[in-house]
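Tertiary structure, described
This is what each chain is made of:
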Amino acid sequence: MRVNTLKRVAVAFALALPGAAIATVVAAPAAHADGCYTWTRNLYQGRSGNDVRQLQIRVAGWAGYRDIVENDGQYGPKTAAAVKRFQQAYGLRADGVAGPQTYAKLYQLQDNDCTPAHFSHGELDNGCGGSGYGGGPLSAEQTRQNALRTMWKLEALRKSLGDKPLDVSSGFRSHACNNQVGGASDSQHLYGNAADVTARSSSLCQIARGARNNGFSGIYGPGYPDHDDHVHVDSRRENNSDQSSNTTSWSAPDCGVGN
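Residues numbered from 1 in each chain as written. Predicted model: local features only at pLDDT ≥ 70, side-chain atom pairs only at ≥ 80, totals over all residues. Heavy atoms only, no water.

**A word on the overall build of the chain**
Within the chain, the secondary structure is distributed over nine helices and six strands. Long-range contacts, defined here as pairs at least 24 residues apart, represent 62% of the contacts in the chain between residues at least 6 apart. Of the accessible surface of the chain, which amounts to about 11200 Å², a share of 49% is contributed by carbon and sulfur atoms. (Helix = DSSP H or I, 4+ residues; strand = E, 2+ residues; numbered from the N terminus. Contact = heavy atoms within 4.5 Å. Areas by Shrake-Rupley, 256 points an atom, 1.4 Å probe, with all protein chains shown as cover.)

Structure, rendered in structure tokens:
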């Protein structure tokens, strides 16, 4: 689903031009990459806006050990560090500045609906059968946005594991679904902030250990009750809508993962 390639290249080229040329090209009608989003300026520390928020969603999985990238629209040190890790992972010039090369890689990774290349709403939209993002404590749109950030974190985890596939066995759950599977009453799955994952080419312990670097503040895996056949990852520290404190909670004792 790669479309509007010429528009995408034109915008990337414009960002690399001197100031006068940038003003001329960027003033043209808005272009869209893959029907999703196009950045029209370089971003670096000190800048702010919705374009920074869009970038933060996509680099949330490159937060570094035990950290997160706040989706606040402020390009601060954490965002710069996450961009630099993203650039290093994909063989780009690692300067922490989001410019044409960084955007080109993001455009390559995202589909028309802004999901990353290896994950989809179909995998994340309901743990009991894929009936959408309704029926939880948040609006369907907010839950969908949370799930999108979860997917980009999973994309980073996948890349960190050597681009080996990850399988999502459970993503968002409506209240009815969560009750059906016996989930916690205020489970992060209800908010679109969680995924239960397995892999054919990576061990569960490799997943649990790797997730510590990819923006997941909740990790439960082998050795934790009822988690010996999958790894649960979530973003509880970023959830201001649940009934829990914004803390980090890791427990996969068999893998040496703990608080």
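**A few points about the layout of surface pockets**
Its volume calculated, the largest pocket comes out at about 440 Å³. Gly 183, Ala 184, Ser 187, His 227 and His 232 are the residues nearest the centre of the largest pocket, which is lined by 20 residues in total. Classifying every residue of the lining of the largest pocket by side-chain character gives five nonpolar, nine polar and six charged. (1 Å grid on protein atoms, 1.4 Å probe; cavity = no way out; pocket = protein on both sides within 12 Å on 5 of 7 lines; lining within 4 Å. Points joined across faces, edges and corners; volume = space filled by probe spheres on them. Nonpolar A, V, L, I, M, F, W, Y, C, P; charged D, E, K, R; others polar.)

**Quick look at a negative patch on the surface**
Taken together, Asp 226, Asp 228, Asp 229 and Asp 254 make up a surface patch of like negative charges. Topologically, Asp 228 is positioned in the loop between strand 3 (218–220) and strand 4 (231–234). What makes Asp 228 exposed here is its relative accessible area of 54%. (Patch = residues over 30% accessible without salt bridge, like charges linked within 9 Å, V, L, I, M, F, W, Y side chains within 5 Å. Salt bridge = Lys/Arg side-chain N within 4 Å of Asp/Glu carboxyl O. Lys, Arg positive; Asp, Glu negative; His and termini not counted. Charge placed at Lys NZ, Arg CZ, Asp CG, Glu CD. Buried < 20%, exposed > 50% of the residue type's maximum accessible area, 1.4 Å probe, protein only.)

**Considering the state of the cysteines**
For the structure on display, the rule yields three disulfides. Paired by a disulfide, Cys 36 and Cys 114 hold their sulfur atoms 1.9 Å apart. A torsion of 115° about the S-S bond marks the disulfide between Cys 36 and Cys 114 as right-handed. Of the two residues, Cys 36 sits in the loop between helix 2 (19–26) and helix 3 (50–59) while Cys 114 sits in the loop between helix 5 (100–109) and helix 6 (121–124), which places them 78 residues apart along the sequence. Taking the relative accessible area as the measure of exposure, Cys 36 reaches 14% and is therefore buried. Cys 128 shares a disulfide with Cys 177; S-S distance 2.0 Å. (Disulfide = S-S within 2.5 Å.)

**Quick notes on empty space enclosed by the protein**
Evaluated as defined, the whole model comprises one cavity of 30 Å³ or more. Taken together, Arg 66, Asp 67, Ile 68, Gly 215, Phe 216, Ser 217, Arg 237, Thr 248 and Trp 250 form the lining of the largest cavity. Tallied by class, residues from the lining of the largest cavity come to three nonpolar, three polar and three charged.

**Concerning unusual backbone geometry**
In this model, Cys 114 sits at a positive phi of 75°, which is unusual for a non-glycine residue. Located in the positive-phi region is Asp 226, a residue other than glycine, with phi close to 65°. By the secondary structure assignment, Asp 226 is in the loop between strand 3 and strand 4.

**Considering the pairing of strand 4**
For a regular strand, the rule is simple: side chains alternate between the two faces of the sheet. Taking every second residue as pointing to the same face, both faces of strand 4 are buried, with Val 231 and Val 233 on one and His 232 and Asp 234 on the other. Examined bridge by bridge, strand 2 (residues 194–198) and strand 4 share four bridges and lie antiparallel to one another. If you follow Ala 195 over to strand 4, its bridge partner there is Val 233. (Pairing = 2+ DSSP bridges.)

**Section: the confidence of the model for the chain**
Per-residue pLDDT for the chain averages 89, and the proportion of residues at 70 or more is 87%. Predicted confidence for residues 1–14 stays below pLDDT 50, and this span has 29 contacts to residues more than four positions away or in other chains. This stretch, residues 16–32, has a pLDDT under 50; its non-local contacts, to residues over four places away or in other chains, come to 15 contacts. (pLDDT = per-residue confidence, 0-100.)

**Thoughts on the sheet that holds strand 1 (residues 167–170)**
With mixed pairing, the six strands of this open sheet are ordered in space as 1-2-4-3-5-6. Among the strands making up the open sheet, the edge pair consists of strand 1 and strand 6 (257–258). In the sheet, strand 1 pairs with strand 2 via three bridges, with the strands oriented antiparallel. Each bridged residue has a counterpart across the sheet, and for Val 168 the counterpart in strand 2 is Val 197. Each of strand 1, strand 2 and strand 4 is contacted by helix 7 (residues 140–160), which is oriented at about 30° to strand 2, the strand it contacts most. (Axes fitted to C-alpha atoms, helices over the stretch in contact; angles between N-to-C directions.)

**Structural notes on the side chain of Asn 239**
Here Asn 239 shows up in the loop between strand 4 and strand 5 (249–252). A polar contact of 3.0 Å, which involves the side chain of Asn 239, links it to the side chain of Gln 188. Separated by 3.4 Å, the side chain of Asn 239 and the backbone nitrogen of Asp 242 make a polar contact. (Polar contact = N/O pair within 3.5 Å; in protein donor to acceptor, adjacent residues only side chain to side chain.)

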